[in-house]
Amino acid sequence: MKERPLPFRQIEWWVMTVLFVTIILANIFQTNFYYFDPNNRELAEYFAKILIPTVLYLAFFLHHQLLIPKKETRKSKSMHYLLSFVILLVSFVLVGAFSLMGEIMLSFAVPYYFSSVGLYIGYLLLGDVLEQIFPRSETKDFMAYNLIKLGTIFAFSMLFLFGLQEVVPNWIPAVYSVSIPTLFGILVYNYFLIYRNRLRNRKRLANTSYALLIAAIVIFFIILAAENNNEGLLVLGLAILIAVAGLILPFSNLFFKKYDHLLGQIHSLSYRVDEGSAKLSLLRMQINPHFLFNILNTLYGTALQENAERTSEGIQKLGDMMRFMLHENSMDKIPLAKEKEYLINYVDLQVLRIKSQPNIDIDFRHNDENCSGQIAPMLLIPFVENAFKHGISFQKKSWVKISLRCTDGVVYLDVNNSIHRSDEQDPESKASGIGLDNVKQRLQLQYPGKHELVIRENEVEYFVHLTIQLS
């Protein structure tokens, strides 16, 4: 209920189905036609009170369950409004005709029909307002949205029942308006004060809460029976007590256990899937450099023979990076010093590549002390790689500023770069790299509550601040 929005379209359909089935069955079975022959007027009224709620339910089903879900996919919005008007017109004519036939109302334009339509439109508009207040793409906690939506469904359902008194038996709105909140309150009470306390081994508090609930039901019906001088209320109270103690609480506990079990499985599977997906994405982006080592060694030896110091230096650093990606990158944790060494080699290669460009400024500051401990591999390089990917232009003034500090088991990485998103002449701009979304996901999985990632951006600069607590 907290992690995702409830399936409200199905809930709305079930609520209205239960209400209309209750109305229709009540109108069918509360008649005393079994004991005497009805006259024509009584027979017409009998069928009218069955047909009117049937028409209203069919109109709701056609519009709410069939027409609205297809609105977004329908190319022509005018067709949607035309079909809505047809449903409205046909239902209006049928309800008015049946009302006159059963002499329920003396006018063809029955007020309860318009009040029902008005309530339905108001519910749809309020639903749109709630969607605007609680945007689904920006929130991770749907508890408030779900509770308010459920309360709205209940409130509008009760208003609908009370507004349809001409064709709804009086006891139905009274029973639903009292029984549903009472049942909901018992379930909430059971979950938070009985079930969860037992789950946490607080048996005394759970048993006390259970006894208080039973005592409250008994005392309530004793007082009610005494005030009304009606012993039948005691029998009703006994039946409700048996239903609560023997049915509602045990079955709700079974449901809570099943829900917790399924929720635990979902969380466990979700964690494994997210972790596996992050690792798989990382592995797919790696280079498998076995076949390249011999070539690099050959090129390195050739460069030394030709006294090409910059070339040999670059080849050596590239070989070290590829060796890192082959061996250390497959491990869950590696020494922080190795991650730092890989980062330094990467920046040195970038400097070697763009050293001849006068309009590019590279500033890399790092301390050589206190960089001890273990870290998950390839967590720092994506932010630096992203800086070179989007921050370097061979035609415009560009800069990449990097600060890497390690103090007392905490790593601090700050990256600041210019923004140049479409430099076609720089091959680095087309490099795929390791996506930032992948790194964010790995940080959440491997350092939950132990990292801070701040990313800011304006028209010309991109800023990243990352802090990781290794211990």
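Residues numbered from 1 in each chain as written. Predicted model: local features only at pLDDT ≥ 70, side-chain atom pairs only at ≥ 80, totals over all residues. Heavy atoms only, no water.

(A) Structural view of the nonpolar core. Membership of the largest hydrophobic core comes to 38 residues, with the highest contact counts inside it found for Val-384, Phe-388, Ile-402 and Ile-468. Where this core is concerned, the elements lending two or more residues are α11 (336-354), β2 (360-366), α12 (381-391), β4 (398-407), β5 (410-418), α13 (436-446) and β7 (461-469). Element by element, the count of residues in this core is highest for α11, at six residues. If you look at the next biggest cluster of nonpolar residues, it comprises 27 residues, including Tyr-57, Val-95, Phe-160 and Tyr-176. (Core = buried A, V, L, I, M, F, W, Y, C linked by side-chain atoms within 4.5 Å. Buried < 20%, exposed > 50% of the residue type's maximum accessible area, 1.4 Å probe, protein only. Helix = DSSP H or I, 4+ residues; strand = E, 2+ residues; numbered from the N terminus.)

(B) The pairing of β4, seen in detail. As defined by bridge partners, β2 adjoins β4 across seven bridges and the pair is classed as parallel. Across the sheet, the residue bridging to Asp-363 is Lys-401, located in β4. Note that β4 and β5 share eight bridges and pair antiparallel. Across the sheet, the residue bridging to Ile-402 is Val-415, located in β5. (Pairing = 2+ DSSP bridges.)

(C) Quick look at the sheet that holds β5. Here we have five strands laid out as an open sheet, ordered β2-β4-β5-β7-β6, and mixed in their pairing. Bordering the open sheet on either side are β2 and β6 (451-457), each of which pairs with just one other strand. Within the sheet, the average angular offset between the axes of one strand and its neighbour, ignoring direction, is 5°. Of the strand pairs in this sheet, β5 and β7 are connected by nine bridges, and their pairing is antiparallel. By the bridge assignment for β7, Asn-417 is matched with Tyr-462. This element, α13, spans β6 and β7 of the sheet and lies at about 155° to β6. (Axes fitted to C-alpha atoms, helices over the stretch in contact; angles between N-to-C directions. Contact = heavy atoms within 4.5 Å.)

(D) A look at the pattern of salt bridges. Enumeration according to the criterion identifies three salt bridges in this entry. Taking the shortest distance from any N to any O, the salt bridge between Glu-45 and Arg-41 comes out at 3.3 Å. Of the two residues, Glu-45 and Arg-41 both sit in helix α2 (residues 40-67), four residues apart, roughly one turn of that helix. The residue Asp-363 makes a salt bridge to Arg-365 at a minimum N-O spacing of 3.3 Å. (Salt bridge = Lys/Arg side-chain N within 4 Å of Asp/Glu carboxyl O.)

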